[in-house]
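Chain by chain, the residues run as shown.
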Amino acid sequence: MKSAFRYFLLVTSVLCMGAASARPVVENIRLSVDKNTTRIVLDLSQTTKYNIFSLQGPDRIAIDLDGSEIGNRLAGMQELPGGVGAVSRIRSSVQPNGNLRVVLDVAGPMRLRSFMAGPTNNYADRLVIDLAPQNAQSTVQRASDVRRKERDLVIAIDPGHGGHDPGAIGRGKTREKDVTLAIGRQLAAQINAEPGMKAILIRDGDHLIDLRERMEKARRQNADLFISIHADAVEDRRASGASVYRLSTNGASNEGARRLAARENSAGYVGGVILAEQEPVVAKVLMDLSQGYALEKSDKLGQEVLDELAKITKVHRNKVQNAAFIVLKSPDIPSILVETAYISNPSEEAKLRNKTHQRKLASAILNGMRDYLRSNPIEETLVAATDRRPPAPVSSVKHVISSGDTLSEIAERYSVSVAAIRSENNLRGNRIRIGQTLKIPVMAGS
Ligand SMILES: [Zn+2]
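All of the points below concern the structure found in this document. All figures in this text were calculated on a predicted structure; none of them were measured in a lab.

Scanning the chain from terminus to terminus reveals 10 helices and 20 strands. Nonlocal contacts in the chain, meaning residues at least 24 apart in sequence, comprise 72% of its contacts between residues at least 6 apart. Of the roughly 21300 Å² of accessible surface on the chain, a fraction of 49% belongs to carbon and sulfur atoms.

Spelled out as structure tokens, the structure:
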């Protein structure tokens, strides 16, 4: 960058459409560079409340403007050819709450300063944002650096049984506690490989943890989701397929689910004392559950996981089942229990021992979770921030021909080819007339 003050008009005001709006309108965006500082100016029809913050992976600056809209004249953001200063690209979108979000793709971590400026002779109300690389000598004051850091999403993985409780045992002597640990470890590894996700293994060894302690452990580590892993067993060796359960407070889906819960809950017997059910703390938890929040979320999470499991294995029932599993009783953590297969079925028992199949089961559970998180984002997490779709780039801008305009001059102004303008408007040759409205294709993406 040359040190001379360079000034760029990003999108010139080419349309004059009257109709004053009551909402704040972004009329124009200007960028300029001075030494290592990039200045972005949003010209506004009136001042408005705004919020500006940095996001990482990739680095970008988001500017939320209360109740605002992009003006008719701008009709969209044009991609900057080669970028200006630290800003490589600008996009905009309307947020679900009606605020306008302008996103600047930037070259790296930035220190930022912003202020709302009143009208002058030459300019209207405007929002001024100065960016400077964090690692550079900066003229930007640090007081207004508003970097926001999203937290990791925490997923508790609970391999069922352990220690002197082997869980169900297959005809080939496969123990449930071993396969649940193998699948749990695989799932934890896959989760930890995802940016912004962190797994907690409730049990990472061959020991028994009582059911209430499993919940509490998840809660102490601020888990966002809880996934208990098991393998089912019944007398009938033909029974097969995966199932997903969530807690029921008033009865089980069916008799099989009730018996299963009774069997899984029996791991709560420690030293001859049955835990949980009658304790006051649990009564409190059950009361909270009547709010239904975690149950509803558990149901959605369970269904997404089940749908993904159905892609790689047979499922026993294609809907989430309910039963009174003690381990799922957290009042505010969406919790599910996955019966990965029937260990009592000889062919499924063999698959449960198979490393490739264990990996597939883990991937399916992870994919189900990812699906759930996209429609049920957990605010303040990096995962939610990255899942927010980048706004669709505006595909065309309107340009009204005024006296003296030529196609090649317009093409240059918008950094598109003359051919692209011709093809967008079904033009032959170079003839255009004053007052004619052209659609200017705007380069999207890349
Ligand atoms: Zn089990």
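That covers the picture; the talk isn't over yet.
Ile157, Ile191, Met197, Leu309 and Met369 are the most contacted members of the largest nonpolar core, which totals 39 residues. Put simply, the parts of the chain that give this core at least two residues each are strand E11 (153-159), helix H1 (176-192), strand E12 (197-201), strand E13 (225-232), helix H5 (293-312), strand E18 (335-342) and helix H7 (355-375). Not counting residues up to four positions away in its chain, the partners in contact with isoleucine 191 are Ile155, Ile157, Met197, Lys198, Ala199, Leu366 and Met369. In terms of nonpolar packing, the next biggest core, distinct from the first, is built from 25 residues, Val33, Leu42, Leu44 and Leu65 among them.

Running from N to C, H5 and H7 cross one another at 140°; their axes reach a closest spacing of 8 Å. When the interaxial angle is binned, H5 and H7 end up oblique. Handedness of the H5/H7 crossing: right-handed. Together, Lys297, Lys300, Leu301, Glu304, Val305, Glu308, Leu309 and Ile312 of H5 and His357, Lys360, Leu361, Ala364, Ile365, Asn367, Gly368, Met369, Asp371, Tyr372 and Ser375 of H7 make up the contact between the two elements. Tallied by class, residues from the contact of H5 with H7 come to nine nonpolar, four polar and six charged.

Read across the open sheet, the four strands follow the order E4-E5-E8-E7; overall the sheet is antiparallel. The strands lining the two open edges of the sheet, one partner per strand, are strand E4 (50-55) and strand E7 (87-94). Sheet twist, expressed as the average angle between the axes of neighbouring strands with direction ignored, equals 15°. For E4 and strand E5 (residues 60-65), the ladder comprises six bridges, and the chain directions are antiparallel. If you follow tyrosine 50 over to E5, its bridge partner there is leucine 65.

Our next topic: the pattern of salt bridges. All told, the structure shown has 19 salt bridges when counted by the stated rule. Across the pair glutamate 194 and arginine 370 runs a salt bridge whose closest N-O atoms are separated by 3.3 Å. Taken together, the residues glutamate 194 in the loop between H1 and E12 and arginine 370 in helix H7 connect sequence positions 176 residues apart. Residue class for glutamate 194 comes out partly exposed when judged on its relative accessible area of 24%.

In this model, lysine 173 sits at a positive phi of 70°, which is unusual for a non-glycine residue. Backbone geometry places glutamate 380, a non-glycine residue, at a positive phi of 75°. Along the chain, glutamate 380 falls in the loop between H7 and helix H8 (382-387). Taking the relative accessible area as the measure of exposure, glutamate 380 reaches 52% and is therefore exposed.

Further remarks concern the sheet that holds strand E14 (residues 243-247). As summarised here, the arrangement of the six strands in space is E12-E11-E13-E18-E14-E17, forming an open sheet in which the pairing is mixed. Strands at the two margins of the open sheet, each flanked by one partner only, are E12 and strand E17 (321-323). Across this sheet, the average inter-strand angle for adjacent strands is 30°, counted without regard to direction. As paired strands, E14 and E17 are joined by three bridges and run parallel to one another. Within E17, the position partnered with arginine 246 by the bridge is asparagine 322. Along the sheet, H7 contacts E11, E12, E13 and E18; its crossing angle with E13, the most-contacted strand, is approximately 145°.

Moving on to helix H3 (residues 255-265). Among the residues of H3, those classed as buried are Ala257, Leu260, Ala261, Glu264 and Asn265. Here the buried residues of H3 occupy an arc of 125° about the axis, which is enough to place them on one side.

Centre distance and the angle of the planes are the two values used to describe a pair of aromatic rings. Following the criterion strictly, the structure yields one aromatic pair and no others. Between tyrosine 245 and phenylalanine 325 the ring centres are 5.2 Å apart and the planes differ by 70°, which places this aromatic pair in the edge-to-face class. With tyrosine 245 in strand E14 and phenylalanine 325 in the loop between E17 and E18, this residue pair connects regions lying 80 residues apart in the sequence. Since its relative accessible area comes to 5%, tyrosine 245 is described here as buried.

Topologically, aspartate 130 is positioned in strand E10 (residues 126-133). There is a polar contact of 2.8 Å between the side chain of aspartate 130 and the side chain of arginine 39.

With that settled, consider the pairing of strand E3 (residues 37-44). The buried fraction of E3 amounts to seven of the eight residues, a majority that puts the element mostly inside the structure. With eight bridges connecting them, strand E2 (residues 25-34) and E3 associate as antiparallel partners. Residue pairing for E3: valine 33 is matched across the bridge by threonine 38. The hairpin turn running from E2 into E3, its antiparallel successor, is two residues long, and lysine 35 in that turn takes a positive phi close to 50°. When E3 meets E10, the two strands line up antiparallel, connected through six bridges. Directly across from valine 41, in E10, lies its bridge partner valine 128.

What follows is about helix H2 (residues 211-220). Because an α-helix completes one turn every 3.6 residues, residues spaced three or four positions apart along the sequence face the same direction. Listed in full, the buried residues belonging to H2 are Leu211, Arg214, Met215 and Ala218. Angular distribution of buried residues about the axis of H2 spans 95°; they occupy a single face of the element. Of the residues that open H2, the one with a side-chain oxygen 2.8 Å from the backbone nitrogen of arginine 212 is aspartate 210. Just downstream of H2, asparagine 222 is the residue with a positive phi angle, here 55°.

Each value, and the rule that gives it
- Residues numbered from 1 in each chain as written.
- Predicted model: local features only at pLDDT ≥ 70, side-chain atom pairs only at ≥ 80, totals over all residues.
- Heavy atoms only, no water.
- Helix = DSSP H or I, 4+ residues; strand = E, 2+ residues; numbered from the N terminus.
- Contact = heavy atoms within 4.5 Å.
- Areas by Shrake-Rupley, 256 points an atom, 1.4 Å probe, with all protein chains shown as cover.
- Core = buried A, V, L, I, M, F, W, Y, C linked by side-chain atoms within 4.5 Å.
- Buried < 20%, exposed > 50% of the residue type's maximum accessible area, 1.4 Å probe, protein only.
- Axes fitted to C-alpha atoms, helices over the stretch in contact; angles between N-to-C directions.
- Parallel < 35°, antiparallel > 145°, perpendicular 65-115°, else oblique.
- Left-handed = near helix turned anticlockwise from the far one by under 90°.
- Nonpolar A, V, L, I, M, F, W, Y, C, P; charged D, E, K, R; others polar.
- Pairing = 2+ DSSP bridges.
- Salt bridge = Lys/Arg side-chain N within 4 Å of Asp/Glu carboxyl O.
- Arc of directions from axis to C-beta.
- Phe/Tyr/Trp six-rings, centres within 6.5 Å; stacked < 30°, edge-to-face > 60°.
- Polar contact = N/O pair within 3.5 Å; in protein donor to acceptor, adjacent residues only side chain to side chain.

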